[in-house]
Amino acid sequence: MAMGRKGNVRLPPEVNRILYIRNLPYKITAEEMYDIFGKYGAIRQIRVGNTPDTKGTAFVVYEDIFDAKNACDHLSGFNVCNRYLVVLYYQSNKAFKKIDGDKKKDELDKMKQKYGLSTPDIHANKPKS
């Protein structure tokens with residue numbers, strides 16, 4: 001699949017081997033995902049969301065970064081069961097930003113409790129506009 005590469009191609013920094021797919025039909029199977037995404041190159045792994053929070057999403061990991069780029073370019077907007085796929089490059093810094101923020105808030109609350117500090121909640125008495 002990746003035969004048409006040039007020797008010294010520079011890819012944008014967000015391009016990687018892991019694709020994040022949104023707007024999938026809830027009933028799509030991993031086999032159907034292999035049929036759709038496997039046309040663009042060797043796939044290492046597919047993870048289809050199965051919890052209420054992750055239904056309709058999936059991760060596709062390609063063996064080769066150029067195959068992932070090709071799939072992203074061709075399948076973004078692809079119609080599957082009357083749903084248009086949203087295909088993005090996985091960005092770990094965005095995926096864990098909320099988790100890190102919650103963790104830091106918990107640590108801060110523990111420190112406040114440990115040292116008997118209390119700070120007023122700046123959002124509590126804010127007038128609504």
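Here we summarise the structure given alongside this text.

The rules behind each value
Numbers given to residues run from 1 along each chain, matching the order in which its sequence is written. Predicted model: local features are reported for residues with pLDDT of at least 70 only, side-chain atom pairs are reported and counted for 80 or more only, and whole-chain, interface and lining totals are derived from all residues. Where side-chain values are given, they derive from all heavy atoms of the structure, hydrogens and water being excluded. Only residues whose relative accessible area exceeds 30% and that form no salt bridge enter a patch; like-charged residues are grouped when within 9 Å of one another, and nonpolar side chains (Val, Leu, Ile, Met, Phe, Trp, Tyr) when within 5 Å. A 1.4 Å probe and the Shrake-Rupley method give the accessible areas. Residues count as covered only by the protein chains that appear here. Salt bridge, as used here: a side-chain nitrogen of Lys or Arg that lies within 4 Å of a carboxyl oxygen of Asp or Glu. Strands here mean DSSP runs of E at least two residues long; helices mean DSSP runs of H or I at least four residues long; both are numbered from the N terminus. Any residue under 20% of the maximum accessible area for its type is buried, any over 50% is exposed, and the rest in between are partly exposed; the area is computed with a 1.4 Å probe on protein chains only. Read the arc as the range of directions from the helix axis to the C-beta atoms. Should any heavy atoms of two residues lie within 4.5 Å, those residues are considered in contact. Here, strands pair whenever DSSP counts at least two bridges between them. For every element, the axis is a line fit to its C-alpha atoms; helices are fit only across the contacting stretch, and the angle between N-to-C directions ranges from 0 to 180 degrees.

Another aspect to go through is a nonpolar patch on the surface. The grouping of M111, Y115 and L117 at the surface amounts to a nonpolar patch, some 350 Å² of accessible area in total. Inspection of the secondary structure assignment puts M111 in helix 4 (residues 97-114). Given a relative accessible area of 43%, M111 falls into the partly exposed group.

Attention shifts here to helix 1 (residues 30-37). Of the residues making up helix 1, those classed as buried are M33, I36 and F37. End-on, the buried residues of helix 1 take up no more than an arc of 80 degrees, which puts them together on one face. For helix 1, exposure combined with an orientation more than 90 degrees from the buried face picks out E31 and D35. The inward-facing, buried residues of helix 1 contact strand 1 (18-22), strand 2 (43-48), strand 3 (58-62), helix 2 (65-75) and strand 4 (79-80).

Taken together, 4 strands build an open sheet; the order of strands is 2-3-1-6 and the sheet is antiparallel. The sheet terminates laterally at strand 2 and strand 6 (86-89), the two strands that pair on one side only. Going across the sheet, the axis of each strand differs from the next one's by a mean of 20 degrees, ignoring polarity. Where strand 1 lies against strand 3, 4 bridges are found, and the strand directions are antiparallel. Across the sheet, residue Y20 finds its bridge partner in strand 3, namely F59.

Counted by the stated rule, this structure contains 3 salt bridges. For K69, the salt bridge goes to D73, with nearest N and O atoms at 2.9 Å. Separated by 4 residues within a single helix, K69 and D73 lie in helix 2, roughly one turn from each other. Given the relative accessible area of 48%, D73 is considered partly exposed. The salt bridge involving D109 is made with K105; its shortest N-O contact spans 3.3 Å. Pair noted here: D109 and K105 are both in helix 4, with a separation of 4 residues, about one helical turn.

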